[in-house]
Amino acid sequence: MNSPIVSRRSLITGLTASAAGLLSGCDSLARDERFRKVLFSAENMHKWLQRSLQDRQALAREFRPDQRSRFFRGNGTLNPNTEAYKALWRSDFLDWRLRVGGMVARPLSISLAQLHAMPHRVQTTRHDCVEGWSAIGTWRGVPLKAVLDAAQLSTRAKYLVFHCMDDMGGGATYYESIDMVDALHPQTILAFALNEKPLHVRNGAPLRLRVERHLGYKHAKYLSGIEAVADLSTIRGGKGGFWEDVAGYEWYAGI
Ligand SMILES: Nc1nc2c(c(=O)[nH]1)N[C@H]1C(S)=C(S)[C@@H](COP(=O)(O)O)O[C@H]1N2
Ligand SMILES: [Mo]
């Protein structure tokens, strides 16, 4: 491995001698124009990654309250209708808790009153459903980041899984997941109000996710818990969401 040829090649390419050794049989590689382009593209790759991160941090368009749809329709589950959900609804969700667990230092169990006491964000945005309809509504909720900070999210966590209370059949509840870029996005909120009224059952009472740079199915309604994980492959069907698992929907639904 310490032949003069290898060390000269590793000087030229900046690779270690052993890595350069893997390129054996391509002695003229470093002089090859195409190879130089590959080297330079590492720099381009960095610029590209930087740019796409900035794209993902960009805000979704916000509207004026007078631009709202007169009726914000519901889609998917319109009422979970389980005994457990009905009992929570009857008591005005007083006994409901949002559990925050998984890769956090401080697991939380948060009441609606506690969420109301946290900082709020209000945003009027357009919801786009893959089924071909859109609606503009004003959402009020707690930035997800505030909840993650309170729970002391581990730096090793890569995704958040949102568990819901509605049974999609055979005891399988709806669920969704997002990565940390979306989790920390300023418009990603846990919403408890729509158009300045407590969430209607149809729209996800008592709490639903708003992740404004994504299509409708990512916006999990009827939340019961948030789980921080390093890997989605061991969660449920492994594809990161109910429709991803059963119908092949894209996990990344960015708009
Ligand atoms: N728990 C749960 N969340 C859900 C769904 C669902 O069926 N169950 N449907 C999704 C889809 S496909 C859309 S378009 C939106 C609809 O939100 P809305 O009912 O407030 O219009 O919720 C999303 N979140
Ligand atoms: Mo949807």
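Along each chain, numbering runs from 1 in the same order as the chain's sequence is written. Going through the entries in the order they are written, you letter the chains from A and number the ligands from 1. The model is predicted, so local features are restricted to residues of pLDDT at least 70 and side-chain atom pairs to those at 80 or more, both for listing and for counting; the totals for chains, interfaces and linings are taken over all residues. Excluding hydrogens and water, the side-chain figures rest on all heavy atoms present in the structure.

Some thoughts on the overall build of the chain
Counting from the N terminus, the helices are DSSP H or I runs at least four residues long and the strands are E runs at least two residues long. Scanning the chain from N- to C-terminus turns up eight helices and ten strands. Whether a residue is buried, partly exposed or exposed follows from its accessible area with a 1.4 Å probe, protein chains only, as a fraction of its type maximum: under 20%, in between, or over 50%, in that order. With 255 residues in all, the chain has 43% of them scored as buried. Contact between two residues is taken to exist if any of their heavy atoms lie within 4.5 Å; hydrogens are not considered. A fraction of 64% describes how many contacts in the chain between residues 6 or more apart in sequence connect residues 24 or more apart. Per-residue and other accessible areas follow the Shrake-Rupley method at a 1.4 Å probe size, with only the shown protein chains counted as cover for residues. For the chain, the exposed surface amounts to about 13,900 Å²; the carbon and sulfur share of it is 56%.

As for the pairing of strand β6 (residues 173–179)
Of all seven residues in β6, six are buried; the element is thus mostly enclosed. Bridging between strand β5 (residues 159–167) and β6 involves six bridges; their strand directions are antiparallel. By the bridge assignment, L160 is partnered in β6 with I178. In this antiparallel pair of consecutive strands, β5 and β6, the connection spans five residues, and G169 shows a positive phi of 125°. A pair of strands is considered paired only if DSSP assigns at least 2 bridges between the two.

Section: the nonpolar core
Among the buried residues, those of types Ala, Val, Leu, Ile, Met, Phe, Trp, Tyr and Cys that are joined through side-chain atoms within 4.5 Å form a nonpolar core. One finds W96, L98, L144, L160, F162 and L190 to be the most contacted residues of the largest nonpolar core, which totals 57 residues. If we skip the residues at most four places from it in the chain, L98 touches L108, S109, I110, L190, L207, L223, S224, G225 and I226.

So, the confidence of the model for the chain
On a scale of 0 to 100, pLDDT captures the predictor's confidence in every residue. Overall, the prediction assigns the chain a mean pLDDT of 89, with 84% of residues at 70 or greater. Per-element confidence in the chain ranges from a low mean pLDDT of 37 for helix α1 (residues 4–13) to a high of 99 for strand β9 (residues 208–210). Throughout residues 1–26 the model reports pLDDT below 50, and contacts reaching past four residues in sequence, or to other chains, amount to 23 contacts.

As for the site of ligand 1
By convention in this text, a residue qualifies as near a molecule or strand provided that one of its non-hydrogen atoms is within 4 Å of it. Around ligand 1 sit 21 residues, and of these R73, N75, D166, N203 and K221 come closest. Within the contact set of ligand 1, an oxygen atom lies 3.0 Å away from a side-chain nitrogen or oxygen of R208. Here ligand 1 has 530 Å² of accessible area as a free molecule, and 99% of this is covered by the chains. Residue assignment for the shell around ligand 1 shows that the elements contributing at least two residues are β3 (121–129) and β5. Residues were grouped as follows: Ala, Val, Leu, Ile, Met, Phe, Trp, Tyr, Cys and Pro as nonpolar; Asp, Glu, Lys and Arg as charged; and all remaining residues, including Gly, as polar. Considering only residue class, the shell around ligand 1 consists of eight nonpolar, eight polar and five charged. Whenever two N or O atoms come within 3.5 Å, that pair is a polar contact, provided that in protein one can donate a hydrogen and the other can accept it, and provided that, for residues adjacent in sequence, both atoms are side-chain atoms.

What to know about a nonpolar patch on the surface
Each patch is assembled from residues with relative accessible area greater than 30% and no salt bridge, linking like charges that lie within 9 Å and nonpolar side chains (Val, Leu, Ile, Met, Phe, Trp, Tyr) that lie within 5 Å. Think of a salt bridge as a Lys or Arg side-chain nitrogen and an Asp or Glu carboxyl oxygen that are within 4 Å of each other. A cluster of nonpolar residues, M45, W48 and L49, forms a patch on the protein surface that exposes about 340 Å² of accessible area. Mapped onto the secondary structure, M45 falls in helix α3 (residues 33–57).

Focus on the pairing of β3
Sheet topology places β3 next to strand β4 (residues 133–143); nine bridges connect them, and they run antiparallel. Within the sheet, the bridge partner assigned to D128 lies in β4 and is S134. What sits between β3 and β4 in their antiparallel hairpin is a turn of three residues, with G132 showing a positive phi close to 100°.

Things to note about the environment of H185
Looking at where H185 falls in the secondary structure, it is placed in the loop between α7 (180–183) and β7 (189–194). Judged by its relative accessible area of 5%, H185 is buried. For the pair formed by H185 and P143, sequence separation is 42 residues and the distance between their alpha carbons is 8.6 Å. Sequence-distant contacts of H185, that is, excluding residues within four places in its chain, are made with R56, Q57, A58, L59 and R213. A distance of 2.8 Å separates the side chain of H185 from the backbone oxygen of A58, its partner in a polar contact.

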